[in-house]
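Architecture at a glance
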Amino acid sequence: MISVEMQNSVLLWSLLGVIALTLRVNESQRIGGIPNLRKGLVFLLVLLILQLILGGFMAGLRAAVVAPTWPSINGQWIPPAAFEQEPVLLNWVNHPLAVHLAHRTVAYILFLSCLFWVVRAKMIPSGYRLFGYFRWALAAGILLQLLLGIFTVLNATYSNRLIWLGVLHQFTAMLVLIILVVLLFLLPKRGSGTFVAA
């Protein structure tokens, strides 16, 4: 049986291929000369990759089942039991509560950072419609992802719901990744020049 992660990987690469073949962005829709927005996207991409790794640990350790509560983790904001293993760094990859805490913390940072970036990206002129669509898709995708994460945790004790919500949560993470990659494509590196909207 193919694992969910493998299915998501195949789906991700398929969707990226479809986007590459069908999008065919006109050079006039690419935006140059705004390095801070691009740096912000790179920061978001690094955060998302870290979050995907933590999500893999969450699934592997079944950490959602250990703490099926929100907004706190079993009634505590920082559970002391999360740091009981020695050496302490081992907790971040081996203890379900520590991984759960890290996954939630990075999720909140990623959510707020995405919203901040979306607001800052309003400086792009409205003539870049494709960029505008993907900017709002990022805001919607990250909000949906956060809500799905909360619902997945709250339903962790129901195995059927956990599976469906977990798969949907992972699928949405892949969509957010695709959106970030497209936005990076639309904001070329500084040396690529500035393009004028059509």
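Residues numbered from 1 in each chain as written. Predicted model: local features only at pLDDT ≥ 70, side-chain atom pairs only at ≥ 80, totals over all residues. Heavy atoms only, no water.

**Some words on the overall build of the protein**
- Per the secondary structure count, the protein includes seven helices and zero strands.
- With 198 residues in all, the protein has 42% of them scored as buried.
- The long-range fraction of contacts in the protein, counting pairs at least 24 apart against all pairs at least 6 apart in sequence, stands at 77%.
- Entry remark: accessible area of the protein is about 11200 Å², with carbon and sulfur atoms responsible for 71%. (Helix = DSSP H or I, 4+ residues; strand = E, 2+ residues; numbered from the N terminus. Buried < 20%, exposed > 50% of the residue type's maximum accessible area, 1.4 Å probe, protein only. Contact = heavy atoms within 4.5 Å. Areas by Shrake-Rupley, 256 points an atom, 1.4 Å probe, with all protein chains shown as cover.)

**Focus: the side chain of H100**
- Here H100 is to be found in helix α5 (residues 96–120).
- Its relative accessible area of 0% is what places H100 among the buried residues.
- Beyond its immediate sequence surroundings of up to four residues, H100 is in contact with M58, A63, A64, A67, I73 and V153.

**Focus: the nonpolar core**
- Membership of the largest hydrophobic core comes to 35 residues, with the highest contact counts inside it found for L41, L44, W117, F131, L138 and L183.
- Counting residues per element, the ones that place at least two in this core are α2 (35–61), α5, α6 (129–154) and α7 (159–186).
- If you tally residues by element for this core, the top one is α7, at nine residues.
- Residues in contact with L138, not counting those within four places in the same chain, are L44, C114, W117, V118, V176, I179, L180 and L183. (Core = buried A, V, L, I, M, F, W, Y, C linked by side-chain atoms within 4.5 Å.)

**Points about a nonpolar patch on the surface**
- Together, W70, Y108, L143, L147, F151 and L154 make up a nonpolar patch on the protein surface, roughly 520 Å² of accessible area in all.
- Of all the elements, α6 adds the most residues to the nonpolar patch, at four residues.
- Looking at where W70 falls in the secondary structure, it is placed in the loop between α3 (63–66) and α4 (91–94).
- Residue classification places W70 among the partly exposed positions, given a relative accessible area of 38%. (Patch = residues over 30% accessible without salt bridge, like charges linked within 9 Å, V, L, I, M, F, W, Y side chains within 5 Å. Salt bridge = Lys/Arg side-chain N within 4 Å of Asp/Glu carboxyl O.)

**Notes on the packing of α5 against α6**
- Direction vectors running N to C along α5 and α6 enclose 155 degrees, while the axes themselves pass 10 Å from each other. Compared by their axis directions, α5 and α6 come out roughly antiparallel. α5 and α6 meet at a crossing whose hand is left-handed. For the pair formed by α5 and α6, the contact residues are H100, R104, A107, Y108, L110, F111, C114, W117 and V118 on the first element and F131, R135, W136, L138, A139, I142, L143, L146 and V153 on the second.
- Each residue belonging to the contact of α5 with α6 can be placed in one class, and the counts come to 15 nonpolar, one polar and two charged. (Axes fitted to C-alpha atoms, helices over the stretch in contact; angles between N-to-C directions. Parallel < 35°, antiparallel > 145°, perpendicular 65-115°, else oblique. Left-handed = near helix turned anticlockwise from the far one by under 90°. Nonpolar A, V, L, I, M, F, W, Y, C, P; charged D, E, K, R; others polar.)

**Considering the packing of aromatic side chains**
- For the structure on display, the rule yields two aromatic pairs.
- Ring centres of F83 and W92 lie 5.4 Å apart, and the angle between their planes is 65 degrees; on these two criteria the pair is classed as edge-to-face.
- Judged by relative accessible area, F83 falls into the partly exposed class, the value being 29%.
- R161 extends its terminal NZ or CZ atom over the ring of Y158, reaching a point 4.1 Å from the ring centre. (Phe/Tyr/Trp six-rings, centres within 6.5 Å; stacked < 30°, edge-to-face > 60°. Lys NZ or Arg CZ within 6 Å of the ring centre and 35° of its normal.)

**What to know about the environment of G149**
- Mapped onto the secondary structure, G149 falls in helix α6.
- The spacing of G149 and L168 is 19 residues in sequence and 9.4 Å in space, taken between C-alpha atoms.

**Structural notes on unusual backbone geometry**
- Residue P71 is bonded to the preceding W70 through a cis peptide linkage, with omega at 10 degrees.
- Position of P71 relative to the elements: it lies in the loop between α3 and α4.
- That bond from E86 to P87 is cis: its omega, -10 degrees, falls within 30 degrees of zero.
- Mapped onto the elements of the fold, P87 is located in the loop between α3 and α4.
- Phi at R62 is positive, roughly 50 degrees, even though this residue is not glycine.
- One non-glycine residue, N74, lies in positive phi territory at about 55 degrees.
- Counting through the fold element by element, N74 comes out in the loop between α3 and α4.

**Re the confidence of the model for the protein**
- On average, the protein scores 81 in pLDDT, and the residues at 70 or more come to 76%.
- For the protein, per-element mean pLDDT is lowest for helix α1 (residues 4–23), which scores 61, and highest for α5, which scores 94.
- Overall, residues 191–198 carries pLDDT values under 50, and its contacts beyond four positions in sequence, including any with other chains, amount to 17 contacts. (pLDDT = per-residue confidence, 0-100.)

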